[in-house]
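The chain contents come next:
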Amino acid sequence: MSKSIINLQSAENQQTLTITPPNTGLSLQGTLQIPGDKSISHRALMLGAIAEGETIIEGLLLGEDPRSTADCFRAMGAKISPLNNEKVTVQGIGLGHLQEPSEVLEAGNSGTTMRLMLGLLASHPDRLFCVTGDASLRSRPMSRVIKPLQTMGAKIWGRNNNSLAPLAIQGQTLKPIHYHSPIASAQVKSCILLAGLMTEGKTTVTEPALSRDHSERMLQAFGATLDIDATTNSVTITGHPELTGQKVIVPGDISSAAFWLVAASIVEGAELLIENVGINPTRTGILEALEMMGANISLENERVITGEPVADLRVKATQLKACTIQGEIIPRLIDEVPILAVAALFAQGTTIIKDAAELRVKESDRLAVIASQLGKMGANITELPDGLEITGGKELNGAEVDSCGDHRIAMSLAIAALRAKGKTIINGAEAAAISYPEFVESLQAIALE
Ligand code: S3P
């Protein structure tokens, strides 16, 4: 029944998603399993690859991004079982033993793959590595990791004065540094910590606000020695630890759950239960923001699974109200701004999102793309230099919109379309497979006439 409301058409490598809610509105009900956390999936594959012995990963995200990571590390000697079921085995090759690949390493659309991997490649002496990615990734700034790595003694070349991929890396023996990062970025922090693994002595990263800490948790679980100073947002790693393969159970991705949290909040009468969601406090900015907006979300069955806190989230529709989102919360909801913008369209009042200029260098310029695509649906949304101003309450009309190749934009537009009048056509819907291959299937399962 829901296929008449939600229809996916594929032609070659492109997909168009058409959403036509019935005039009377649709209903959203059910229980959802969401895919594994993208950040944790990358880290489990990478640490598994460089540890001694076997790592078993359960619940791995089978999206395009982790596939890029797996392919890169296979090309450098790690044995990783096919990513065709959520249990994946990695035979590690041991710290310092990444092999010089005979081909260019392809990071695809994945900033996490490229930036984290650079820390490892730069610190493997006597090997040459070449890394590239798709058109989006080749336009994203790499100097934020290249500069601190160069301070450690790394030799890296790239386009645009060593700031853009393709990159060539001549591995070196690095020296430890204390890096004061100007941005709260887990990719920057993790890159330097991974370089610190292969560096004699203590390497420290201090960041202006706390970014996601999955690397710290997982590095410790694999046997690395970390010293964490929460008062200064500093992490110190001691070089040359013994890393041993582990069993990692990847929780569901709160960034994927966010689409359902907002969908069920804005569709009248909706109720959803989202099971097994990672609720690491460095990622729960979305829950706090939705709570400020008056959302009805409860956490059930809270537990800790292989070092990461997890819960089931129950969400019920409610009238949202506007709020201001800025400051230290931004890094803890950085990937959820597109879907928060959709929530704000249905909130009473004007929501302001600030301090989020980082969104301009994600898979797309998310501030520009959200404003332009939701604007086509009639949204009252203004782009700010570092954020968005969104006034809720204006009725949305179905329109032809585009993901601009960005997975989170594709899915955010689909959720907005659930509350629009008439048909919305989302071009570039295939982008969702980067982080959520089953997104449309799940939407069809819960959306009822
Ligand atoms: C990620 C960190 C964030 C986030 C990205 C995944 C990670 O990027 O936007 O989707 O896995 O470390 P930044 O560290 O650049 O903010």
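Everything numeric in this text was worked out from a predicted model, so none of it was measured.

S.K.: What is the right way to look at the overall build of the chain in this model?
M.R.: Helices and strands together make up the secondary structure of the chain, namely 13 helices and 27 strands. By residue count, 60% of the 449 residues in the chain fall in the buried class. Nonlocal contacts in the chain, meaning residues at least 24 apart in sequence, comprise 75% of its contacts between residues at least 6 apart. Put simply, the chain has 37 plus and 49 minus side-chain charges, and the middle of one group is 3 Å from the middle of the other.

S.K.: Is there a simple way to explain the site of the ligand in this structure?
M.R.: Surrounding the ligand, one finds Lys38, Ser39, Arg43, Thr112, Ser185, Ala186, Gln187, Arg212, Ile334, Asp335 and Lys362. Between an oxygen atom of the ligand and a side-chain N or O atom of Asp335, the distance comes to 2.6 Å. For the ligand, the accessible surface in isolation is 380 Å², of which the surrounding protein chains cover 94%. At the level of elements, α1 (38-50) and α6 (186-197) are the ones that each hand at least two residues to the shell around the ligand. Looking at the shell around the ligand, its residues break down into two nonpolar, four polar and five charged.

S.K.: I would appreciate a short explanation of the pattern of salt bridges in the present structure.
M.R.: Two side chains with opposite charge may pair up if their charged atoms get near one another. Overall, the coordinates contain 22 salt bridges when judged by the stated rule. Across the pair Asp71 and Arg74 runs a salt bridge, and its minimum N-O distance is 2.8 Å. Taken together, the residues span about one helical turn, with Asp71 and Arg74 both in helix α2 (residues 64-75) at a distance of three residues. In this structure, the salt-bridge partner of Asp365 is Arg360, at a minimum N-O distance of 3.1 Å. Residue classification places Asp365 among the partly exposed residues on the basis of a relative accessible area of 27%. The network of salt bridges with shared partners includes Arg140, Arg212, Asp335, Glu363, Arg366, Asp406 and Arg408.

S.K.: So what exactly am I meant to see when it comes to the UniProt feature "domain: Enolpyruvate transferase" (unreviewed entry) in the chain here?
M.R.: UniProt marks residues 26-443 with the feature "domain: Enolpyruvate transferase" (unreviewed entry), using the numbering shown here. Secondary structure across residues 26-443 divides into 31% helix and 27% strand, with the first and last C-alpha atoms of the span separated by 12 Å.

S.K.: Help me understand the packing of α1 against α2, please; the structure alone is not making it clear to me.
M.R.: Geometry of a packed helix pair, given as the angle between the helix axes and the separation of the axes. Two numbers describe how α1 lies on α2: the axes approach to 9 Å, and their chain directions differ by 10°. Considering their axes alone, α1 and α2 lie roughly parallel with respect to each other. Contact residues: Lys38, Ser41, His42, Leu45, Met46 and Ala49 in α1; Asp65, Pro66, Thr69, Ala70 and Phe73 in α2. Tallied by class, the residues present in the contact of α1 with α2 amount to six nonpolar, three polar and two charged.

S.K.: Is there a simple way to think about the side chain of Arg144 in this case?
M.R.: Here Arg144 lies in helix α4 (residues 143-151). We classify Arg144 as buried; its relative accessible area is 16%. Among the polar contacts made by the side chain of Arg144, one reaches the side chain of Glu358 at a distance of 2.9 Å. Setting aside residues up to four positions removed in sequence, Arg144 forms contacts with Arg115, Tyr179, Ile183, Val188, Glu358 and Val361.

Rules used throughout
- Residues numbered from 1 in each chain as written.
- Predicted model: local features only at pLDDT ≥ 70, side-chain atom pairs only at ≥ 80, totals over all residues.
- Heavy atoms only, no water.
- Helix = DSSP H or I, 4+ residues; strand = E, 2+ residues; numbered from the N terminus.
- Buried < 20%, exposed > 50% of the residue type's maximum accessible area, 1.4 Å probe, protein only.
- Contact = heavy atoms within 4.5 Å.
- Lys, Arg positive; Asp, Glu negative; His and termini not counted.
- Charge placed at Lys NZ, Arg CZ, Asp CG, Glu CD.
- Near = heavy atom within 4 Å.
- Polar contact = N/O pair within 3.5 Å; in protein donor to acceptor, adjacent residues only side chain to side chain.
- Areas by Shrake-Rupley, 256 points an atom, 1.4 Å probe, with all protein chains shown as cover.
- Nonpolar A, V, L, I, M, F, W, Y, C, P; charged D, E, K, R; others polar.
- Salt bridge = Lys/Arg side-chain N within 4 Å of Asp/Glu carboxyl O.
- UniProt positions renumbered as here; feature names shortened; annotations may be inferred.
- Axes fitted to C-alpha atoms, helices over the stretch in contact; angles between N-to-C directions.
- Parallel < 35°, antiparallel > 145°, perpendicular 65-115°, else oblique.

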